[in-house]
Amino acid sequence: MLEVKNVSKSYGKTVVLHDVSFRVDPTEFVCLTGPSGAGKSTIINLLIGAEDATSGSIEIDGVELRKVPHPAMQLFRRKVGVVFQDVKLLRGRTVAENIAFPLEACGASDAIIKKRVGELLEQVGLSKKANMLPAALSGGEKTRVAIARATVHKPIILLADEPTGNIDPEQALKIMSLFKQIHLEKTTIILATHDSNLVDSLKTRVIRLEEGRIVRDSVGGYFDANGHKGTKEHPAHAGDAASKIKITSIGS
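What counts and what doesn't
- Each chain carries its own residue numbering, running from 1 in the direction its sequence is written.
- Reporting in this predicted model follows two pLDDT cut-offs: at least 70 for local features of residues, and 80 or more for side-chain atom pairs to be given and counted; totals over whole chains, interfaces and linings ignore these cut-offs and use all residues.
- Hydrogens and water are ignored here; the side-chain numbers use all heavy atoms of the structure.
- Within this scheme, the nonpolar core is defined by two criteria: the residues are buried Ala, Val, Leu, Ile, Met, Phe, Trp, Tyr or Cys, and they are joined through side-chain atoms within 4.5 Å.
- Burial status follows relative accessibility: with a 1.4 Å probe on protein chains alone, a residue under 20% of its type maximum counts as buried, one over 50% as exposed, and anything between as partly exposed.
- By definition, any uninterrupted DSSP run of H or I lasting at least four residues is a helix, any uninterrupted run of E lasting at least two residues is a strand, and each is numbered from the N terminus.
- We call two residues in contact when some of their heavy atoms are within 4.5 Å.
- Angles run from 0 to 180 degrees between N-to-C directions of axes, and those axes are lines fitted to C-alpha atoms, restricted for helices to the stretch in contact.
- The scheme is simple: roughly parallel for angles under 35 degrees, roughly antiparallel for over 145, roughly perpendicular for 65 to 115, oblique for anything else.
- Helix crossings get a hand from a simple test, with the near helix turned counterclockwise from the far one by less than a right angle marking a left-handed crossing and a clockwise turn marking a right-handed one.
- Charged residues are taken to be Asp, Glu, Lys and Arg, nonpolar residues to be Ala, Val, Leu, Ile, Met, Phe, Trp, Tyr, Cys and Pro, and polar residues to be all remaining types, Gly included.
- Pairing between strands is defined by DSSP: at least two bridges between them are needed.
- Only protein atoms enter the 1 Å grid used here, on which a cavity is any set of points holding a 1.4 Å probe that cannot leave and a pocket is any open set flanked by protein within 12 Å on both sides along at least five of seven lines; residues with an atom within 4 Å of a point are listed as lining.
- Grid points are joined across faces, edges and corners, and a volume is the space filled by probe spheres set on the points.
- Centre distance within 6.5 Å is the pairing criterion for rings of Phe, Tyr and Trp, where only the six-membered ring of Trp is used; planes under 30 degrees apart are then read as stacked, over 60 as edge-to-face, and the remainder as tilted.
- Throughout this description, the term charge over a ring refers to an Arg CZ or Lys NZ atom that lies within 6 Å of the ring centre and within 35 degrees of the ring normal.
- Every residue carries a pLDDT, the predictor's confidence in it, which falls somewhere between 0 and 100.

This paragraph deals with the nonpolar core. General note: in soluble globular proteins, nonpolar side chains tend to be found buried as a group. If you look at the biggest cluster of nonpolar residues, it comprises 39 residues, and the most contacted ones within it are I99, L121 and F179. Among the elements of the structure, β3 (29-33), α3 (95-105), α4 (110-123), α5 (139-151), β7 (157-161), α6 (169-184), β8 (188-192) and α7 (196-202) are those that each provide at least two residues to this core. Counting residues per element, this core draws most heavily on α6, which supplies six residues. Apart from the residues lying within four places of it in its own chain, the contact partners of F179 are F29, I147, L158, A160, P163, I189 and L191. With 30 residues, the next largest nonpolar core counts V24, I44, I48 and I157 among its residues.

Structural data, given as structure tokens:
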């Protein structure tokens with residue numbers, strides 16, 4: 001279980017997160033939404049340990065992240081896949097080599113790497129482009145390579161920061177379909193996006209941020225059947241006992 005407890009984050013005098021708290025259970029699919037500058041990317045950076053919170057804590061299975069010794073943190077990061085907004089592909093490596101990189105870093109055998117990379121290339125629909133360099137790919141194809149690379153080591157948590165921000169709507173739907181497939185493999189997913197239409201297509205839990213604060217935590221997508229924002233309030237942020245509704249996590 002991942003738990004963010006009363007987290008605030010400041011850069012100098014600028015406060016970007018204000019007392020943020022939420023819990024993500026194993027195998028949940030959570031969308032972080034909100035306008036640009038709301039704090040979505042900051043949360044992703046905190047969750048991967050790239051930055052420390054100014055106050056509050058982030059816990060994984062009851063262990064505070066910033067108190068984890070460096071060797072243990074390295075092992076934790078091997079269990080977390082990350083899809084960055086700018087994809088961060090290695091320009092001098094082919095599609096297959098980019099996907100293989102995390103396994104190479106972990107010392108996996110050539111046989112395991114070949115098998116796993118082949119599986120991912122087929123899953124993301126890029127088998128015929130395995131030997132191409134990133135410069136020859138479209139924006140959507142680059143994102144699919146980034147997703148394959150992030151999941152090649154079968155992470156228990158997948159974090160994605162605006163993965164559809166720079167691609168067309170048709171490609172964006174393909175990317176969302178990929179995330180659905182990955183989630184069926186019991187992977188916990190936290191996806192940051194400002195695109196409410198894509199969030200609604202997932203029909204999952206939504207945490208909305210505005211000006212660094214959580215303003216909504218609900219399940220069932222961005223809009224309900226009547227076109228209203230939100231559906232059932234998630235137990236982690238229910239206002240009173242009467243409003244608490246038992247929710248079964250997607251994929252559990």
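There's plenty left to go through after this.
Attention shifts here to the packing of α3 against α4. For the pair α3 and α4, the least separation of the axes is 10 Å and the interaxial angle reads 130°. One element, α3, and the other, α4, form an angle in the oblique class. Classified by chirality, the crossing of α4 by α3 is right-handed. When α3 is examined against α4, the residues V95, A96, I99, A100, L103 and E104 are found in contact with a partner set consisting of I113, R116, V117, L120 and L121. Of the residues that constitute the contact of α3 with α4, the class distribution is nine nonpolar, no polar and two charged.

Let us look at the sheet that holds strand β2 (residues 14-24). With antiparallel pairing, the four strands of this open sheet are ordered in space as β2-β1-β4-β5. Edge positions in the sheet fall to β2 and β5 (63-64), since each has one partner strand and no second. Docked against the sheet, helix α1 (residues 40-47) engages β1 (2-11), β2 and β4 (55-60), running at close to 65° with respect to β2.

So, on to the layout of surface pockets. Computed from the structure, the largest pocket encloses a volume of approximately 490 Å³. In terms of lining, the largest pocket is formed by 18 residues, of which the most central are R77, V80, V82, P102 and H153. The set of elements that each furnish at least two residues to the lining of the largest pocket consists of α2 (70-77), β6 (80-83), α3 and α5. The residue inventory of the lining of the largest pocket, partitioned by class, reads 12 nonpolar, two polar and four charged. The computed volume of the second largest pocket comes to approximately 330 Å³. Among the secondary structure elements, those contributing two or more residues to the lining of the second largest pocket are α2 and β8. A breakdown of the residues in the lining of the second largest pocket according to their chemical character gives 13 nonpolar, two polar and four charged.

Once that is clear, we can look at the packing of aromatic side chains. Within this structure, the stated rule accounts for zero aromatic pairs. Over the ring of F84 we find K88, and its NZ or CZ is 5.3 Å from the ring centre.

On to the confidence of the model for the protein, then. This prediction gives the protein a mean pLDDT of 86; 87% of its residues lie at or above 70. Taken as a whole, residues 223-228 scores under 50 in pLDDT and shows nine contacts with residues more than four places along the chain or in a different chain. Across residues 237-252, confidence stays below pLDDT 50; counting only partners more than four residues off in sequence or on other chains, it has 26 contacts.

Let us look at the packing of α3 against α5. Following both chains from N to C, one finds α3 and α5 inclined at 30°, their axes separated by 7 Å at the closest point. With respect to each other, α3 and α5 are oriented roughly parallel. Seen along the crossing, α3 lies across α5 with a hand that is right-handed. Together, V95, N98, I99 and P102 of α3 and V145, A148 and R149 of α5 make up the contact between the two elements. When grouped by side-chain class, the residues that make up the contact of α3 with α5 number five nonpolar, one polar and one charged.

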